Protein chains: 2
Amino acid sequence: MNLHDIQQLDLADPLRSLRSQFTIPPEVIYLDGNSLGAMPTAVSATLKDVVEQEWGVGLIRSWNTADWMRLPNRVGNKIARLIGAKDNEVMAVDSTSVNLYKALNVAATLQKGSGKTVLLTERDNFPTDIYIAEQIAQQFGLRVEMVEGDIAAAITGDTAILLLTQVNYRTGTLHDMTALTATAHAQGALTVWDLAHSAGALPVDVHAANADFVLGCGYKYLNGGPGAPSFIWVNPRLVNTCAQPLVGWLGHTAPFAFTTDYVPAQGIQRYMAGSPTIFSLAALQCGVDTLLAAEPLGGMQAIRRKSLALTNLFMRLIDEAKLPLTCITPRDESIRGSQVSYTHPTHAYAMVQALIARGVIGDFRAPDILRFGFTPAYTSYHDVWQSVQHLIAVIEKEEYLNPAFMTKNAIT
Amino acid sequence: MNLHDIQQLDLADPLRSLRSQFTIPPEVIYLDGNSLGAMPTAVSATLKDVVEQEWGVGLIRSWNTADWMRLPNRVGNKIARLIGAKDNEVMAVDSTSVNLYKALNVAATLQKGSGKTVLLTERDNFPTDIYIAEQIAQQFGLRVEMVEGDIAAAITGDTAILLLTQVNYRTGTLHDMTALTATAHAQGALTVWDLAHSAGALPVDVHAANADFVLGCGYKYLNGGPGAPSFIWVNPRLVNTCAQPLVGWLGHTAPFAFTTDYVPAQGIQRYMAGSPTIFSLAALQCGVDTLLAAEPLGGMQAIRRKSLALTNLFMRLIDEAKLPLTCITPRDESIRGSQVSYTHPTHAYAMVQALIARGVIGDFRAPDILRFGFTPAYTSYHDVWQSVQHLIAVIEKEEYLNPAFMTKNAIT
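Residues numbered from 1 in each chain as written. Chains lettered and ligands numbered in written order. Predicted model: local features only at pLDDT ≥ 70, side-chain atom pairs only at ≥ 80, totals over all residues. Heavy atoms only, no water.

(A) Representation of the overall build of chain A. When helices and strands are counted, chain A shows 14 helices and 15 strands. Whereas a compact globule of 412 residues would reach a radius of gyration of roughly 22 Å, chain A reaches 22 Å, a difference of no more than 12%. In terms of overall dimensions, chain A has C-alpha extents of about 70 × 55 × 40 Å along its principal axes. Among the 412 residues that make up chain A, the fraction classed as buried is 65%. Taking contacts inside chain A between residues at least 6 apart in sequence as the whole, the part at least 24 apart equals 73%. (Helix = DSSP H or I, 4+ residues; strand = E, 2+ residues; numbered from the N terminus. Rg over C-alpha atoms; globule rule 2.2 N^0.38 Å. Buried < 20%, exposed > 50% of the residue type's maximum accessible area, 1.4 Å probe, protein only. Contact = heavy atoms within 4.5 Å.)

Here you go:
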């Protein structure tokens, strides 16, 4: 495979027009959209308008006139189209940590009296998910069991809740949401799915999977900007069964009645708590719009096809270069998310820094992982080819031995 | 008192220069800063820079290079200067509802085994505060007692937690935080203070009051914009005693170690949960800066003097006009916040709408309250005088009988 072949792939890419929605520095190849998505160009003008017109001129009136009140719903409805949910089933609100707390709390409440004792998750799930699982388990008298290996086999009649991140943040392994949910349901367990690394990265169908609780992150593949609000969906068969614990006024059925009794709103609205962060939500809406722009081009199915083509190409080029790296991402594309991770026993961190110095931004994950995320909307085949050439150079020229690349920052 | 006297008050106002920090439509007199503060002009350029440079160019690197990681701390340190807290004691994060849940949960945890049974609050506290109090009470086997009248007298040996909003959102009555905290402590109770209507409106000294937990709102007197993040302070003698329940990764002592055991950070850092909403935080910082700009002009003491002068003038002019309104805000300025509320038995809502049509923006609170907030940094004595002339006209010309003013919106 040579550069000409690569150029042909880009010319034939049905999604190539999507890149023009983003502003990315020309000297950068950005392979970290799984940590923070790149900037949709529309955000700047959108925020200028929200600030200067809606806030500056509209002032308090914009809660009505600009309908800030239902901005979490409007953004939620757009996210719904990416994950197989319906209108009025998704709310964009709070952080992933907070939404996870709500979902696990309600799931545990619904399992009270069932005699079930286990909150099951994966040992290398994202730490927040494990911390909050431990918190809820302690509160409800459950025990967290962390599986390594076969998850389906670990689901038993004792399982109260199965909590999984659909795509593992380190290896990029994709779990089968439909099959695992069915196995969990067969044992009477409820499922909580964290879509942090799958929403916007690949097709998700929460209804087809018959999931129970689903939540995810706004700032990764949804391109919502730093700390963008999270989203949450609850299966309609469960959403009205009980209130979530963060009973702020905007989850009330009639917030402006100012009554002292909490009466939860019907549907996903009850998962609101306090006032929504309008600027961060408005930016998230621009990010989600960059994915909806793919609908006439084949939508999430087309994004998935390109995602797999990009990760396949990346792995193939690295294989061909025979680099001293170990791939920990599945070769089987049916169980792969939209990232590729390698380990290096001693210099993973410095290799990532040396790549960043060359303009190829991936990230490091402790203790030894080089992680590369691929966002089809703004990543070209040529980007993949170039990034591998840089990686080869970093390793062959031993650039990672430069002491400047060994000092650790907070986020890498 | 005539227009000339009013003009003299504005000329002699030591804070008159602060108004130039805001962009407010010239046709508007804005008396709703207690619901949503007006727009600091700096927000627009700040967000443009955060979006286009920090996100667009810096991408993931800005968590380090723009120190997004510690933006909640930096904004918190600025808020600290307004409420008598010290550096590294305040975090700007999440919503008021979420922070209230954290504070009440920890307070209830600390009171476990004390035999105390009551979570004491005020009957007309803001509904979210009551809803979350009920939630925590249920979780910890406490009983919510809602006082009407003398709060100090209701504090007994059974009181586990005293939860109060320092300034009542309807009447504007100011509670004595120092005295009530001392009374609570004498009975072994912990105090949780919601500063939604006092932070940025009047001097607060959390250390002098020896409060236990304090939190507040970013979008009212702090001018942080719609849905701005909240803030939280916990007394240093309590902050490290236990973890708050929303154990997201950014409250961990070493979030990037990605360990499966939650070890809370020391100090207020442990009150972080998920990733901070950077755009909304950056706007909040601009809002807080408008108050810190008063420091060389006398700071919160000067703001308090002007606040009382404004509310005194407003009440006096309405008294002189003998309008058919009942004042429910204390005449005694030592127990008054920075708002004035009136009731009208039948037309309060329509009167507020008629005023808004004239450019005087106050708000309505169910069932019968006309509420007017006074933000000294951008409200002039002339604004007060004019707004009263408009109110007189609305009532004398019976403009409130116009059917267009009777249709209710979501937020008024």
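(B) The arrangement of the nonpolar core in detail. The biggest cluster of nonpolar side chains holds 318 residues, and the ones touching the most others in it are Ile83 of chain A together with Ile83 of chain B. In this structure, Ile83 of chain B is in contact with Val90, Leu195, Ala199, Val204, Asp205, Val206, Val214 and Phe231 of chain B, ignoring residues within four places of it in sequence. (Core = buried A, V, L, I, M, F, W, Y, C linked by side-chain atoms within 4.5 Å.)

(C) Layout of the relation of the copies chain B and chain A. Once chain B has been moved 0.0 Å along the axis and rotated by 180 degrees, it coincides with chain A to within an RMSD of 0.0 Å. What the superposition gives is, in effect, a two-fold axis relating one chain to the other. (Least-squares fit on C-alpha atoms with pLDDT ≥ 70 in both.)

(D) Quick look at unusual backbone geometry. In this chain, Ala366 of chain A is followed by Pro367 of chain A through a cis amide linkage whose omega measures 0 degrees. One non-glycine residue with positive phi stands out, namely Asn88 of chain A, at about 65 degrees. Position of Asn88 of chain A among the secondary structure elements: in the loop between α4 (71-83) and β4 (90-92). Notably, Asp94 of chain B is not glycine yet its phi reads approximately 55 degrees, a positive angle. Topologically, Asp94 of chain B is positioned in the loop between β4 (90-92) and α5 (96-110).

(E) Fine view of the packing of helix α12 (residues 299-321) of chain A against helix α14 (residues 381-396) of chain A. Residues and elements named next belong to chain A. Contact pair α12 / α14: the axes reach a minimum separation of 10 Å and the direction vectors enclose 25 degrees. Here α12 lies roughly parallel to α14, going by the angle between them. As for how α12 packs across α14, the hand of that crossing is right-handed. Residues Lys306, Ala309, Leu310, Leu313, Phe314, Leu317, Ile318 and Ala321 of α12 form the contact with α14, whose participating residues are Tyr381, Val384, Trp385, Ser387, Val388, Leu391 and Ile392. (Axes fitted to C-alpha atoms, helices over the stretch in contact; angles between N-to-C directions. Parallel < 35°, antiparallel > 145°, perpendicular 65-115°, else oblique. Left-handed = near helix turned anticlockwise from the far one by under 90°.)

(F) Looking closely at the pattern of salt bridges. Residues and elements named next belong to chain A. All chains considered together, the criterion is met by 32 salt bridges over all chains. Between Arg74 and Asp67 there is a salt bridge, with its nearest N and O atoms 3.2 Å apart. On the basis of relative accessible area, Arg74 is assigned to the partly exposed category, the value being 30%. Taking relative accessible area as the criterion, Asp67 reaches 28% and is therefore assigned partly exposed. Three or more residues joined by partner-sharing salt bridges are found here, namely Asp363, Arg365 and Arg371. (Salt bridge = Lys/Arg side-chain N within 4 Å of Asp/Glu carboxyl O.)

(G) Fine view of the packing of aromatic side chains. The final tally for this structure, using the stated rule, is 33 aromatic pairs over all chains. Taking 5.3 Å as the distance between ring centres and 90 degrees as the angle between the ring planes, the aromatic pair formed by Trp63 of chain A and Trp68 of chain A counts as edge-to-face. For the pair Phe314 of chain B and Phe372 of chain B, a centre-to-centre distance of 5.0 Å together with 55 degrees between the ring planes defines the contact as tilted. With Phe314 of chain B in helix α12 (residues 299-321) and Phe372 of chain B in strand β15 (residues 369-373), this residue pair connects regions lying 58 residues apart in the sequence. For Phe372 of chain B, a relative accessible area of 1% translates into the label buried. (Phe/Tyr/Trp six-rings, centres within 6.5 Å; stacked < 30°, edge-to-face > 60°.)

(H) Up close: the interface of chain B and chain A. Contact with chain B, which involves 79 residues of that partner, is made by 79 residues of chain A. Carbon and sulfur atoms make up 71% of the area that chain B and chain A hide from each other, which totals about 6800 Å². Among the residues chain B hides against chain A, the three largest losses belong to Trp55, Ile60 and Tyr131 of chain B. Together they make up 12% of the total. The interface formed by chain B and chain A holds zero salt bridges in total. Counting the contacts that link chain B with chain A gives 18 residue pairs in polar contact (both at pLDDT 80 or more). Contributing elements (two or more residues each) for the side of chain B that touches chain A: β3 (39-40), α2 (42-57), α3 (62-65), α5, α6 (127-140) and α11 (278-292) of chain B. The greatest single-element share of the side of chain B that touches chain A, amounting to nine residues, is contributed by α2 of chain B. (Buried area = accessible area lost by both parts, 1.4 Å probe. Polar contact = N/O pair within 3.5 Å; in protein donor to acceptor, adjacent residues only side chain to side chain.)

(I) Region of the structure containing the sheet that holds strand β10 (residues 231-234) of chain A. All names here are of chain A. Read from one edge to the other, the open sheet built from seven strands follows the order β4-β10-β9-β8-β7-β5-β6, with strand pairing classed as mixed. In the strand order of this sheet, the two ends are held by β4 and β6 (143-147), each with one partner. Direction aside, the axes of adjacent strands within the sheet are offset by 15 degrees on average. As paired elements, strand β8 (residues 190-194) and strand β9 (residues 213-216) share three bridges and run parallel to each other. Bridge pairing in β9 places Val192 opposite Phe213. Where helix α8 (residues 177-186) meets the sheet, its contacts fall on β7 (159-165) and β8, and the angle it forms with β8 comes to roughly 155 degrees. (Pairing = 2+ DSSP bridges.)

(J) Local environment of helix α2 (residues 42-57) of chain A. Helix length check: α2 of chain A (16 residues) gives 21 Å between terminal C-alpha atoms against 22 Å at 1.5 Å per residue, within 8%. Residues of α2 of chain A that are buried include every one of Val43, Ser44, Leu47, Val50, Val51, Glu54, Trp55 and Gly56 of chain A, and no others. (Expected span 1.5 Å × (residues − 1).)

(K) Fine view of the environment of Pro245 of chain A. Tracing the chain through its elements places Pro245 of chain A in the loop between α10 (236-239) and α11 (278-292). On the basis of relative accessibility, which here comes to 1%, the residue Pro245 of chain A falls in the buried class. Taking the C-alpha atoms as reference, Pro245 of chain A lies 31 Å from Leu59 of chain A; in sequence the two are 186 residues apart. Residues within four places of Pro245 of chain A in sequence aside, it is in contact with Tyr101, Lys102 and Asn105 of chain A together with Tyr101 and Gln135 of chain B.

(L) Quick peek at the pairing of strand β8 (residues 190-194) of chain B. Residues and elements named next belong to chain B. Taken across its five residues, β8 has five buried, putting it largely inside the fold. Of the two faces of β8, the one lined by Leu190, Val192 and Asp194 and the one lined by Thr191 and Trp193 are each fully buried. The pairing of strand β7 (residues 159-165) with β8 spans five bridges and is parallel. Across the sheet, the residue bridging to Leu162 is Thr191, located in β8. For the crossover from β7 across helix α8 (residues 177-186) to β8, the handedness is right-handed. (Right-handed = clockwise from strand over helix to strand, strands pointing away.)

(M) Spotlight on the environment of Arg371 of chain B. Residue and element names in this part refer to chain B. Assignment of secondary structure puts Arg371 in strand β15. Given a relative accessible area of 1%, Arg371 falls into the buried group. On a C-alpha basis, the gap between Arg371 and Thr171 in space is 8.3 Å, while along the polypeptide they are 200 residues apart. Of the polar contacts made by the side chain of Arg371, one reaches the backbone oxygen of Tyr169; its length is 2.9 Å.

The quantities given are spatial measurements derived from coordinates; they are silent on function.
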